[in-house]
Amino acid sequence: MNLKFEVSGRINRPVEDVFEAVADPKQLSGYFTTGGAKGRLEAGATVIWDFHDFPGAFPVNVVDVEENKRIVLEWDGDETDGAKTTVTIRFEPTEDGRTIVSISEEGWPSTDQGLSNSYGNCMGWSQMICAMKAWLEHGINLRDGMYT
């Protein structure tokens with residue numbers, strides 16, 4: 001069994017603005033990485049995402065970037081067995097000037113712990129899209145206090 005999921009949402013901003021909100025560490029730190037993001041998402045880079053509401057900072061390997069279209073990341077999906085998961089963030093412009101953001105993640109082991117970790121990340125990515133929407137459309141940080 002291949003554990004994977006995909007979440008998506010529409011943001012009322014042009015694709016260039018939405019892409020930058022993910023790629024730019026300063027913007028990402030404003031609505032998602034509660035402890036800050038270090039490093040721009042560029043192919044071949046390893047950046048650090050820190051979450052104060054979860055223990056520790058996480059290295060994130062940037063596998064591929066296609067500006068305004070797609071970002072592919074790899075990170076530890078399960079600390080207990082060293083499994084890496086792959087995250088693909090896609091940006092699709094709509095005819096009415098909005099952007100569809102889709103985030104998929106896959107690669108967990110087919111274990112109870114892998115399933116649990118995938119559910120947790122699915123919740124996190126869903127919340128990230130909601131937080132990005134609130135940030136870009138209204139300047140509101142939804143993540144602030146969400147988990148602590």
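Residues numbered from 1 in each chain as written. Predicted model: local features only at pLDDT ≥ 70, side-chain atom pairs only at ≥ 80, totals over all residues. Heavy atoms only, no water.

## Regarding the packing of aromatic side chains
Moving on, step 1. Under the counting rule described, the total for this entry stands at 11 aromatic pairs.
Moving on, step 2. Seen from their ring centres, Phe-32 and Trp-125 are 5.7 Å apart, and the 25 degrees between their planes marks the pair as stacked. Of this pair, Phe-32 sits in the loop between helix H2 (25-31) and strand S2 (36-38) while Trp-125 is found in helix H3 (residues 112-138), placing the two residues 93 residues apart along the sequence.
Moving on, step 3. Using a relative accessible area of 4% as the deciding quantity, one classes Phe-32 as buried.
Moving on, step 4. Centroid distance Trp-49 to Trp-75: 5.8 Å. Interplanar angle 80 degrees. Geometry classified as edge-to-face. With Trp-49 in strand S3 (residues 46-50) and Trp-75 in strand S5 (residues 70-78), this pair connects stretches of sequence that are 26 residues apart. Like Trp-49, the residue Trp-75 is buried in the burial classification. (Phe/Tyr/Trp six-rings, centres within 6.5 Å; stacked < 30°, edge-to-face > 60°. Helix = DSSP H or I, 4+ residues; strand = E, 2+ residues; numbered from the N terminus. Buried < 20%, exposed > 50% of the residue type's maximum accessible area, 1.4 Å probe, protein only.)

## Things to note about the pairing of strand S6 (residues 83-93)
Regular strands place their side chains on alternate faces of the sheet.
Moving on, step 1. Across eight bridges, the pairing between S6 and strand S7 (residues 99-108) is antiparallel. The partner of Pro-93 across the bridge, within S7, is Thr-99.
Moving on, step 2. Linkage of S6 to S7, two consecutive antiparallel strands, is achieved through a turn of five residues, within which Gly-97 is found at a positive phi near 90 degrees. (Pairing = 2+ DSSP bridges.)

## Focus: the nonpolar core
Moving on, step 1. Core analysis: the biggest nonpolar cluster contains 35 residues, and Trp-49, Trp-125 and Met-132 have the highest contact counts within it.
Moving on, step 2. Non-local contacts of Trp-125, meaning those with residues more than four positions away in its chain, are made with Phe-5, Val-7, Phe-32, Trp-49, Trp-75, Val-87, Ile-103 and Glu-105. (Core = buried A, V, L, I, M, F, W, Y, C linked by side-chain atoms within 4.5 Å. Contact = heavy atoms within 4.5 Å.)

## Thoughts on the side chain of Thr-99
Moving on, step 1. Topologically, Thr-99 is positioned in strand S7.
Moving on, step 2. The class of Thr-99 is buried, set by a relative accessible area of 0%.
Moving on, step 3. Only 2.7 Å separates the side chain of Thr-99 from the backbone oxygen of Arg-13, close enough to count as a polar contact.
Moving on, step 4. If we skip the residues at most four places from it in the chain, Thr-99 touches Gly-9, Arg-10, Ile-11, Arg-13, Pro-14, Val-15, Val-18, Phe-91, Glu-92 and Thr-94. (Polar contact = N/O pair within 3.5 Å; in protein donor to acceptor, adjacent residues only side chain to side chain.)

## Thoughts on the confidence of the model for the chain
Predicted coordinates in areas of low pLDDT are best not read in detail.
Moving on, step 1. Counting all residues, the mean pLDDT for the chain is 91, and 95% of those residues have values of 70 or more.
Moving on, step 2. When the elements of the chain are averaged for pLDDT, S5 gives the smallest value, 86, and helix H1 (residues 15-23) the largest, 98. (pLDDT = per-residue confidence, 0-100.)

## Quick word on the environment of Ala-23
Moving on, step 1. The residue Ala-23 is located in helix H1 in this model.
Moving on, step 2. With relative accessibility at 0%, the residue Ala-23 sits in the buried group.
Moving on, step 3. Sequence spacing of Ala-23 and Glu-67 is 44 residues, and the spatial spacing of their C-alpha atoms is 9.2 Å.
Moving on, step 4. If we ignore the near neighbours within four places in the chain, the residues touching Ala-23 are Arg-40 and Leu-41.

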